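# A look at the structure
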Amino acid sequence: MSRRTALTLGGVGAALVLAGGAGLVWDVSTNSGSPPPSPRGRELAQPRIIRSANGTLDVTLIASPSPVVIGGTSVTALAYNGSLPGPTLLVRPGDTLTVTLTNRLNDPTNLHTHGLHVSPAGSSDNVFRRIDPGTTAEYRYEIPTDHPPGLFWYHPHHHGMAAQQVFGGLYGAIIVEDPAPIPATTERVLIVSDLTFDASGTIAAASQMDRMRGREGTTVLLNGQVGATMTAHPGDQERWRIVNACTSRYLDLRLDGQSMRLLGNDSGRFATPRPVDSLTLSPGNRADVLVTMAAGTSVLQTRPVDRGTPAGMMGNPSSGDSVRLATLRVSGAAAASLPSPPGATPRELRSEPLTGRRTLTLAMGGAGMGGSMMRFTIDGRDFDAARVDQTVAAGAIEEWTIVNTSPMDHPFHLHVWPMQVIETGGQSFATPTWQDVVNVPARSQSRVRIAFEDFTGTAVYHCHILDHEDNGMMGVISVV
């Protein structure tokens with residue numbers, strides 16, 4: 001991957017594409033699921049949009065095994081409201097989001113609003129809740145009036161079940177709207193995921209080796225589809241909001257022949273959009289991109305990313321071929337040009353008083369004879385929900401150094417409080433870059449600054465290779 005015009009996102013590399021504005025291509029309507037994805041080669045479908053009104057959004061999500069069509073094959077996936085992906089939730093700062101979650105799975109589940117700056121307590125973004133099969137629970141999220149606009153997502157987070165349930169299809173986008181519209185002819189939500197299924201349409205369970213490496217599916221999907229198409233006119237300025245919803249797969253995305261400007265990543269915006277030619281997204285990362293269309297045919301593809309190999313294992317978990325996600329066809333009459341988007345003023349924590357420093361160490365090892373499971377630890381300890389690993393004073397601004405002693409990259413995710421990236425893998429960030437998933441390269445480290453503001457309570461931090469999280473690479477933080 002060329003780094004010449006690439007941004008670093010999640011500590012690996014970057015550049016990407018997406019669109020937003022007036023002429024929306026999505027369906028803004030009810031709380032029902034959308035129809036099954038169309039067969040290979042059809043126009044890319046958009047997840048159903050559910051929009052807040054009068055300061056509230058009340059949503060019912062039913063998690064259940066559901067038949068979906070993937071590349072012409074009927075697959076029994078796990079889905080919210082029978083749709084792959086689940087509906088997109090569209091809210092504004094100051095809104096109250098209420099989610100009624102019904103569990104029709106065979107295992108416990110719960111819900112995490114990834115990246116939202118909301119309380120971790122009670123019925124809000126509390127990943128310690130357990131929703132048993134056959135039961136229903138309510139979540140209530142009070143979104144702050146000063147919440148930054150951006151792209152977020154929701155998925156299960158019950159410890160030990162997260163990887164299999166997300167891999168099976170349980171995920172959807174959350175959009176916090178901009179205070180002023182971003183000029184665009186079309187908006188698209190693009191959710192990239194992967195899974196493995198057999199000829200009968202049954203999703204494969206991960207082997208022990210898959211769980212140690214972090215499973216990567218043999219089929220890569222864009223909005224639940226394989227080989228979809230998109231159409232546009234020359235000069236169109238589309239806004240694409242992209243989510244990496246894969247459990248382990250890193251994405252190195254390219255759209256050759258098109259002009260792309262990155263508005264921001266995860267929950268952060270840049271002061272001005274940045275021209276990019278590719279984008280690497282760690283699992284859980286998002287990107288918000290403007291694409292100015294040029295006539296011709298382009299391919300949106302993801303190329304292999306070397307994320308390392310667990311010690312003693314043969315092969316590389318990311319050594320496969322490039323994957324074509326969609327074909328973009330641009331033709332017809334040229335569209336009128338649109339103005340540039342308004343700038344942003346990202347917060348700079350390096351100019352504010354620092355109240356503390358911490359070092360966390362991510363490690364792997366200890367696999368026994370006979371293929372017993374390798375240990376995945378933070379500071380030498382496996383996850384224990386009853387143990388608080390870090391206690392932080394409310395209002396503190398801290399610098400954390402996350403050290404990775406293992407031979408694999410680990411994407412580090414902190415719930416509730418976003419992180420300003422200072423340095424990753426030896427590369428410093430000259431301008432404020434805000435993320436909630438920061439890649440920590442193999443045998444290297446990353447540094448971030450965090451303002452523990454607005455909320456107290458207990459949350460978690462973990463590796464967002466979800467198999468590693470389920471196998472113990474997670475810690476508990478209490479802000480008091």
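### What to know about the overall build of the protein chain
Looking only at helices and strands, the protein chain has 3 helices and 32 strands in total. For the protein chain, buried positions account for 60% of its 480 residues. Within the protein chain, counting contacts between residues at least 6 apart in sequence, those at least 24 apart form 78% of the total. For the protein chain, the exposed surface amounts to about 16,500 Å²; the carbon and sulfur share of it is 51%.

### Points about unusual backbone geometry
What is expected of a backbone is that most residues other than glycine have negative phi and most peptide bonds are trans. In this structure, the amide linkage connecting Leu 84 to the following residue, Pro 85, adopts the cis form with an omega of 0°. Here Pro 85 is to be found in the loop between β3 (73-80) and β4 (88-91). With phi around 80°, Asp 454 is a residue other than glycine that occupies positive phi space. The residue Asp 454 is located in the loop between β30 (444-451) and β31 (457-463) in this model. Judged by its relative accessible area of 57%, Asp 454 falls in the exposed class.

### A short note on the environment of Ala 199
Inspection of the secondary structure assignment puts Ala 199 in the loop between β10 (186-195) and α2 (208-213). Here Ala 199 falls in the exposed class, since its relative accessible area comes to 82%. For the pair formed by Ala 199 and Thr 73, sequence separation is 126 residues and the distance between their alpha carbons is 8.1 Å.

### As for the pattern of salt bridges
Two side chains carrying opposite charge are able to pair once their charged atoms lie near each other. Evaluation of the coordinates by the stated rule reveals 31 salt bridges. With a shortest N-O distance of 3.0 Å, Arg 140 and Glu 142 are connected by a salt bridge. Its relative accessible area of 42% is what places Glu 142 among the partly exposed residues. Each of Asp 178, Glu 187, Arg 239, Arg 241, Arg 269 and Asp 288 takes part in a single network of salt bridges with overlapping partners.

### Describing the layout of surface pockets
A water-sized probe rolled over the atoms picks out the places where empty space is left. Approximately 730 Å³ is the volume attributed to the largest pocket. Lining the largest pocket are 31 residues, and of these Asp 146, Pro 148, Pro 149, Ser 267 and Arg 347 lie nearest its centre. Per-element accounting of the lining of the largest pocket gives the leading share, 6 residues, to strand β16 (residues 268-276). Class assignment for the residues of the lining of the largest pocket results in 17 nonpolar, 8 polar and 6 charged.

### What to know about the nonpolar core
Residues Trp 400, Phe 412, Leu 414, Trp 417, Phe 452 and Ile 477 are the most contacted members of the largest nonpolar core, which totals 34 residues. The residues touching Phe 452, leaving out its near neighbours within four places in the chain, are Val 392, Ala 393, Ala 394, Gly 395, Ala 396, Glu 398, Trp 400, Leu 414, Trp 417, Ile 477 and Val 479. In terms of nonpolar packing, the next biggest core, distinct from the first, is built from 29 residues, Leu 190, Leu 281, Val 289 and Leu 300 among them.

### Structural notes on the side chain of Asp 467
Positionally, Asp 467 belongs in helix α3 (residues 466-470). A polar atom in the side chain of Asp 467 sits 2.6 Å from the side chain of Arg 215.

### Looking at the sheet that holds strand β12 (residues 228-232)
In any sheet, the strands associate via hydrogen bonds between backbone groups, in a parallel or an antiparallel arrangement. Sheet architecture is open: 5 strands sit in the order β12-β20-β19-β14-β17, paired in mixed fashion. Since the sheet does not close on itself, it has two edges, and those belong to β12 and β17 (279-281), each with one partner. Adjacent strand axes in the sheet meet at a mean angle of 20° when their direction is disregarded.

### Re the packing of aromatic side chains
For any two aromatic rings, the description comes down to two numbers: the centre-to-centre distance and the angle of the planes. Tallied over the full model, the rule gives 6 aromatic pairs. Ring centres of Trp 400 and Tyr 461 lie 5.9 Å apart, and the angle between their planes is 80°; this geometry places the pair in the edge-to-face category. Linking Trp 400 in strand β24 (residues 397-404) with Tyr 461 in strand β31, this pair joins segments that are 61 residues apart in sequence. Taken individually, Trp 400 and Tyr 461 each receive the classification buried, so the pair is uniform in this respect. Here the aromatic residues Trp 400, Phe 412, Trp 417, Phe 452 and Tyr 461 are joined through ring pairs into a cluster of three or more. The cationic tip of Arg 129 hangs over the ring face of Tyr 139; the distance from NZ or CZ to the ring centre is 4.5 Å. Its end group placed over the ring of Phe 167, Arg 215 keeps NZ or CZ at 5.4 Å from the ring centre.

Procedures and definitions
- Residues numbered from 1 in each chain as written.
- Predicted model: local features only at pLDDT ≥ 70, side-chain atom pairs only at ≥ 80, totals over all residues.
- Heavy atoms only, no water.
- Helix = DSSP H or I, 4+ residues; strand = E, 2+ residues; numbered from the N terminus.
- Buried < 20%, exposed > 50% of the residue type's maximum accessible area, 1.4 Å probe, protein only.
- Contact = heavy atoms within 4.5 Å.
- Areas by Shrake-Rupley, 256 points an atom, 1.4 Å probe, with all protein chains shown as cover.
- Salt bridge = Lys/Arg side-chain N within 4 Å of Asp/Glu carboxyl O.
- 1 Å grid on protein atoms, 1.4 Å probe; cavity = no way out; pocket = protein on both sides within 12 Å on 5 of 7 lines; lining within 4 Å.
- Points joined across faces, edges and corners; volume = space filled by probe spheres on them.
- Nonpolar A, V, L, I, M, F, W, Y, C, P; charged D, E, K, R; others polar.
- Core = buried A, V, L, I, M, F, W, Y, C linked by side-chain atoms within 4.5 Å.
- Polar contact = N/O pair within 3.5 Å; in protein donor to acceptor, adjacent residues only side chain to side chain.
- Pairing = 2+ DSSP bridges.
- Axes fitted to C-alpha atoms, helices over the stretch in contact; angles between N-to-C directions.
- Phe/Tyr/Trp six-rings, centres within 6.5 Å; stacked < 30°, edge-to-face > 60°.
- Lys NZ or Arg CZ within 6 Å of the ring centre and 35° of its normal.

Any functional reading would require information beyond the geometric quantities listed.
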